[in-house]
Amino acid sequence: QTGYVTLDPGFVNTASTVSAITYIDGDAGILRYRGYPIEELADKSSFLEVAYLLIYGELPTAAQLADFTEKIKNHTMLHEDFKNFFAGFPRDAHPMAVLASAVSALSTFYQDSLDPFDPEQVDISSIRLISKLPTIAAYAYKTSIGQPLLYPDNSLGYVENFLRMSFGVPTTPYEVDPEIVKVLDMLFVLHADHEQNCSTSTVRLVGSSHANLFSSISAGVNALWGPLHGGANQAVLEMLERIHAEGGDVDAFVERVKNKEPGLKLMGFGHRVYRNYDPRAAVVKKATTKVLDRLGKADPLLDIAMRLEEVALADDYFVERKLYPNVDFYTGVIYKALGFPTNAFTVLFALGRLPGWIAQWREMMSDPTTKIGRPRQVYTGPTERHYVPIEER
Ligand code: SDX
């Protein structure tokens, strides 16, 4: 079709993964989902519309979006027995551990949709994941603070339903500013896919063994938890809080990072692909000030973050290494302002990334040339040697 890239076979043999879903130009700071620039989608689209785009390859018509949205609404509830699941975890369990376990457990409740080669079963398990993840995330949070679980209210939109289940209580009606709903929806759009990052590659690798979608996504949740990946949004806020607690001396902190103090990195900075400003970070930075103004909240951590960026971008150490803010640098300030606990930030990343994981898994499964992922190695161990009886060692 016009406008589609075609690859010569030689290139295909060298590329680790061939995909038509997301395009990144790390030097130019470009990110497109199915050809659409992330800035346009963040400004004009919605999370469910972007989820449809990533999974089916085209922006939906009004009828297609209405049908997709309706299907998702019909699956937001969890099986009643599933609710016992949350009570079984320690109250202080990390919500990413609960989320990964719960997603894997979906394969025990929905044994009718595990066949990765049955299009209907793949569709229903995709819908079940998109509709149930917000419920699971909200229930994990409510359980951790000892508050009752609220059933989803399908008269609400996707994000509003999630916010209500997370922060609403049975005693009072839940009101939320539509502008805040729009910002969180936009943040989910920004996180929805990012080509072959660590967690997406994990989802594809697990799926390549023909494991079911629930198991593959659960593996992706676990990979995302790492502080070098999705867990960075939690690590950024902990870093900002640490700088604040130590008196807010940003210049001194940057010097300690440059001196490579063990375990000290500028979290939220740097990227495996972007050698320029992460286009998502630019959008998040603008949204951060809008949310704080809207909520009438001032946060010294935002000032520290902005000062960190200013100092780092003017410092050769970071410029030479092409270290710029990435998507995780500012998101935590917004999530904190919305009322989420720091350890739930990566769960929010997972909610956003879910459609991308699903789309990439479906693309991999639909490619008949896909073989089971089995990376080779360069062996650096001992050459052949023979067993030595223990008394001679
Ligand atoms: C995400 O892949 C994706 O697309 C991921 C993601 C997505 O949407 O899925 O974009 C989401 O994971 C964003 C990244 C979030 N992680 C962090 O913010 C953690 C902090 N960042 C770093 O850990 C690091 O920048 C990585 C892991 C993100 C990327 O590392 P690279 O490209 O492999 O860089 P490197 O480790 O080879 O480091 C190159 C140099 C080193 O210094 P020298 O050895 O040359 O002296 O840069 C330094 C590193 O020490 N460096 C940093 C740094 N990141 C790299 N120094 C200080 N602070 C940092 N953050």
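Residues numbered from 1 in each chain as written. Predicted model: local features only at pLDDT ≥ 70, side-chain atom pairs only at ≥ 80, totals over all residues. Heavy atoms only, no water.

This chain's UniProt record puts "active site" (unreviewed entry) on His271 and Asp328. The greatest C-alpha distance among the annotated residues, which extend across 58 residues, is 10.5 Å, indicating that they converge on a single site. Here His271 lies in the loop between helix H13 (250-258) and helix H14 (279-295). The residues touching His271, leaving out its near neighbours within four places in the chain, are His194, Asp278, Arg280 and Asn326. Inspection of the secondary structure assignment puts Asp328 in helix H17 (residues 328-338). Its relative accessible area of 5% is what places Asp328 among the buried residues. Residues contacting Asp328, with those up to four places away along its chain left out, are His229, Gly230, Ala232, Asn233, Val236, Gly268 and Phe349. (UniProt positions renumbered as here; feature names shortened; annotations may be inferred. Helix = DSSP H or I, 4+ residues; strand = E, 2+ residues; numbered from the N terminus. Contact = heavy atoms within 4.5 Å. Buried < 20%, exposed > 50% of the residue type's maximum accessible area, 1.4 Å probe, protein only.)

To continue, consider the packing of H14 against helix H15 (residues 300-313). Between H14 and H15, whose axes approach to 12 Å, the crossing angle comes to 155°. Our classification of the angle between H14 and H15 gives roughly antiparallel. Of the two elements, H14 crosses H15, and the hand of that crossing is left-handed. Only Leu302, Met306 and Glu309 of H15 make contact with H14, whose side of the interface consists of Lys285, Thr288, Thr289 and Leu292. (Axes fitted to C-alpha atoms, helices over the stretch in contact; angles between N-to-C directions. Parallel < 35°, antiparallel > 145°, perpendicular 65-115°, else oblique. Left-handed = near helix turned anticlockwise from the far one by under 90°.)

Turning our eyes to something else, we now look at helix H3 (residues 47-56). Of all the 10 residues making up H3, nine are buried; the element is thus mostly covered by neighbouring parts of the structure. Looking at the residues trailing H3, positive phi occurs at Gly57, about 95°.

Attention shifts here to the pairing of strand E1 (residues 22-25). Taking every second residue as pointing to the same face, the buried face of E1 carries Thr22 and Ile24, while none of Tyr23 and Asp25 on the other face is buried. Pairing of E1 with strand E2 (residues 30-33) involves four bridges; the strand directions are antiparallel. The residue of E2 that forms the bridge with Ile24 is Leu31. Between E1 and E2, which pair antiparallel and follow one another directly, the connecting turn spans four residues, one of which, Gly29, has a positive phi of 70°. (Pairing = 2+ DSSP bridges.)

The alternating pattern of E2 places Leu31 and Tyr33 on a buried face, while none of Ile30 and Arg32, on the opposite face, is buried. Note: E2 against strand E3 (residues 36-37), two bridges, orientation antiparallel. In the strand pairing of E3, Tyr33 is matched with Tyr36. The loop that links E2 with its antiparallel partner E3 comprises two residues; one of these, Arg34, has a positive phi angle of about 50°.

What follows deals with the sheet that holds E1. Pairing within the open sheet is antiparallel, and its three strands lie in the order E1-E2-E3. Both outer strands of the open sheet, E1 and E3, are each paired with one neighbouring strand and no more.

Attention shifts here to the side chain of Glu363. One can find Glu363 in helix H18 (residues 345-366). Taking relative accessible area as the criterion, Glu363 reaches 17% and is therefore assigned buried. Dropping the residues within four chain positions of it, Glu363 is found in contact with Val18, Ser19, Ala20, Ile21 and Arg204.

Close to the ligand lie 24 residues; His194, Lys260, His271, Arg272 and Arg280 are nearest. With respect to the ligand, the side chain of His229 contributes an N or O atom lying 2.9 Å from an oxygen atom. Burial of the ligand by the protein chains amounts to 77% of its free accessible area of 1100 Å². Residues belonging to the shell around the ligand are distributed by class as follows: nine nonpolar, seven polar and eight charged. (Near = heavy atom within 4 Å. Polar contact = N/O pair within 3.5 Å; in protein donor to acceptor, adjacent residues only side chain to side chain. Areas by Shrake-Rupley, 256 points an atom, 1.4 Å probe, with all protein chains shown as cover. Nonpolar A, V, L, I, M, F, W, Y, C, P; charged D, E, K, R; others polar.)

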